[in-house]
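A look at the structure
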Amino acid sequence: MSAVHPPSVERVLAAARPHVAAGTDPEALTAAARALVAEERAALAEGAAPRNAETLGGILVARLAAWTDPRASGLVPVLNATGVLLHTNLGRAAWPLAAIEAATLAAGSPVLLEMDRATGRRGPRSRLAEEHLVALTGAEDALVTVNTAAALALAVGLAGRRGVAVSRGELVEIGGGVRIPEIIRRAGARLVEVGTTNRTRAADFAEPLASGRVAVVLRVHSSNFRIEGFTEAPDPAELAALAHRHDAIVIDDVGSGAFLDTAVFGLAHEPMPAERIAAGADLVTFSGDKLLGGPQAGPIVGRAELIARLRRDPLARAVRPDKVTLAALAATLGIWRAGRARTEIPLWRQAGVSLAELDRRAAALVAALAAAGHAAEARPVRATVGGGSLPGETLPSVALAIGGRGANALATRLRAGDPAVVARVEEGALLADLRTIEPADDPRLLAALLAALRP
Ligand SMILES: *Cc1c(COP(=O)(O)O)cnc(C)c1O
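Residues numbered from 1 in each chain as written. Predicted model: local features only at pLDDT ≥ 70, side-chain atom pairs only at ≥ 80, totals over all residues. Heavy atoms only, no water.

Examining the packing of aromatic side chains
Basically, it comes down to this: Pairing of aromatic side chains requires ring centres within 6.5 Å, counting the rings of Phe and Tyr and the six-membered ring of Trp. Pairs whose planes differ by under 30 degrees are stacked, by over 60 edge-to-face, and all others tilted. Should the NZ of a Lys or the CZ of an Arg lie within 6 Å of a ring centre and within 35 degrees of the ring normal, that charge is described as sitting over the ring.
Within the structure shown, the criterion is met by 3 aromatic pairs. The structure contains a cluster of three or more aromatic residues connected by ring pairs, namely F259, F286 and W336. Positioned above the aromatic ring of F230 is the side chain of R199, whose terminal nitrogen or guanidinium carbon lies 3.8 Å from the ring centre.

Looking at the site of the ligand
Worth spelling out the cut-off: Distances are taken per atom, and a residue is near a molecule or strand as soon as one of its heavy atoms is within 4 Å of it. The definition of a polar contact used here is a pair of N or O atoms within 3.5 Å, where within protein one atom must be able to donate a hydrogen and the other to accept one, and adjacent residues in sequence count solely through side-chain atom pairs. The method behind every accessible area is Shrake-Rupley, applied with a 1.4 Å probe, and residues are considered shielded solely by the protein chains displayed. Helix numbers and strand numbers start at the N terminus; a helix is a DSSP run of H or I with at least 4 residues, a strand a run of E with at least 2. Residue polarity is assigned by list, with Asp, Glu, Lys and Arg as charged and Ala, Val, Leu, Ile, Met, Phe, Trp, Tyr, Cys and Pro as nonpolar; anything else, Gly included, falls into the polar class.
With respect to spatial proximity, the complete set of residues near the ligand consists of R92, N147, T148, A149, I174, H221, S223, D253, G255, S287 and K290. In this structure, a nitrogen atom belonging to the ligand sits 2.5 Å away from a side-chain N or O atom of D253. K290 places a polar side-chain atom, nitrogen or oxygen, 2.7 Å from an oxygen atom of the ligand. Starting from 380 Å² of accessible surface for the ligand in isolation, the protein chains cover 92%. Those elements that provide at least two residues to the shell around the ligand are α6 (148-156) and β7 (249-255). Partitioned by chemical class, the residues of the shell around the ligand number 2 nonpolar, 6 polar and 3 charged.

Observations regarding the pattern of salt bridges
Counted only if it meets this: One speaks of a salt bridge when a side-chain nitrogen belonging to Lys or Arg is within 4 Å of a carboxyl oxygen belonging to Asp or Glu.
For the structure on display, the rule yields 31 salt bridges. Note that E130 is salt-bridged to R311, the shortest N-O span being 3.5 Å. Placement of the pair is E130 in helix α5 (residues 128-137) and R311 in helix α11 (residues 304-312), with a sequence separation of 181 residues. A salt bridge links E193 to R168, with the shortest nitrogen-to-oxygen separation between them at 2.9 Å. With E193 in strand β5 (residues 190-194) and R168 in the loop between β4 (163-167) and α7 (180-186), this residue pair connects regions lying 25 residues apart in the sequence.

Some words on the packing of helix α16 (residues 355-371) against helix α18 (residues 442-453)
Operational definition: Whenever a helix is involved, its axis is fitted only over the stretch in contact; in every case the axis is a line through C-alpha atoms, and angles between N-to-C directions fall within 0 to 180 degrees. Two helices cross in a left-handed way if the nearer one is turned anticlockwise from the farther one by less than a right angle. They cross in a right-handed way if the turn is clockwise. What makes two residues a contact is simply this: any of their non-hydrogen atoms within 4.5 Å.
Following both chains from N to C, one finds α16 and α18 inclined at 35°, their axes separated by 11 Å at the closest point. Crossing of α16 against α18: the hand is right-handed. Judged by residue contacts, R361, L365, A368 and L369 of α16 engage D442, L445, L446, L449, L450 and L453 from α18. Among the residues forming the contact of α16 with α18, the class breakdown is 8 nonpolar, no polar and 2 charged.

Quick word on the sheet that holds strand β11 (residues 389-402)
For clarity, the threshold we go by: In short, DSSP must find at least two bridges between two strands for them to pair.
Strand order in the open sheet formed by 5 strands is β2-β10-β11-β14-β13, with mixed pairing between adjacent strands. In the strand order of this sheet, the two ends are held by β2 (84-86) and β13 (424-426), each with one partner. The average angle at which neighbouring strand axes cross in this sheet is 40°, direction not considered. Examined bridge by bridge, β11 and strand β14 (residues 429-433) share 4 bridges and lie antiparallel to one another. What sits directly across from I402, in β14, is L430.

Here's what the structure looks like:
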């Protein structure tokens, strides 16, 4: 068997050069050509059909174009038809328009990030998001970190080498394999376990606090699981009062960060940061991209003296967000403060859509599919909040159901389409939940379905 050689790097470059954008760095072009020729050599060794220099040159040009195409970033935009409002694998919350615009402006221009406008001197890092947080939670001060795991790691460092007391019912894994005991250990503090898995009372904290072993009492909201039956958790105000009698700091990780009463949507009530501040927590941590509905961030709100200590911690620098996140978060919080969350934040707008409206949209889509010869029906389903929030809680919704064999293959074709659609398959039917689709995207959903159903 005679070895087949790929075209030389020089010949591939000669074929590509006339079609490459002016100003392209020749070294980058050569490196890409070498990689492509190496791939071709490997493919030939596997028995692939040889390709000539012209073909490889064309592939090289297309590759460079794709690398500079923002739509080909690998973070492919999808239509979320899963019925999970905050889908962690789909990047949780879609930002409100104001946050997108603020982020774009901040990204594309120098900004007054750390400059005092009046004096032109260095000033504190932009505090707008923190000012909104103070106004929205009633806390004395606020500090924004990159996510809640970071906020927690920074906050529990206040214990120094002393103990962090946590109820055994709250020693949880918060996702991505991150566990509360490990966060405490990495911060250099000691974990002091209190109570039992199902029942812990404020009185269980009395002895560890009285012994002086404990500098921080940490509460962690059970945001992604539920314990039912014979359970008890300490009352936040009672526990805070007890901790304060022993000069301990109370940190309350509520995780989800609801700034509205989720009960108005028929969901269980999620703890709100303002409630926990009012109940005596010294610091409260939560997420920017869960129920707040904005960018990934980990705000900490609470007592000014403690926030000042956190700001001085070198770790604060390691977990500080960039200008784009700060701009998007400030815009999202501005919407909350202006009372516009239920209309302008996609998460809450979608949660608030009426069943009648979903029925109407489903009927229109069913009719359009029928006109093209495809059978589908509108089916009542339950949507969930997701993102590690409100476990077991559901919202009534309506899905387009497409039955028959091949529902899994249809779901695969939808993910591969343009626009890509992520739907779910249940009992042999493909379900496209309309609650998590923006109404303006219904025509795109229809086009994607028609393309995927084409024989
Ligand atoms: C989600 C969650 C976290 C982690 O939040 P990230 O912003 O994803 O880091 C921490 N604690 C609780 C209680 C949570 O629900």
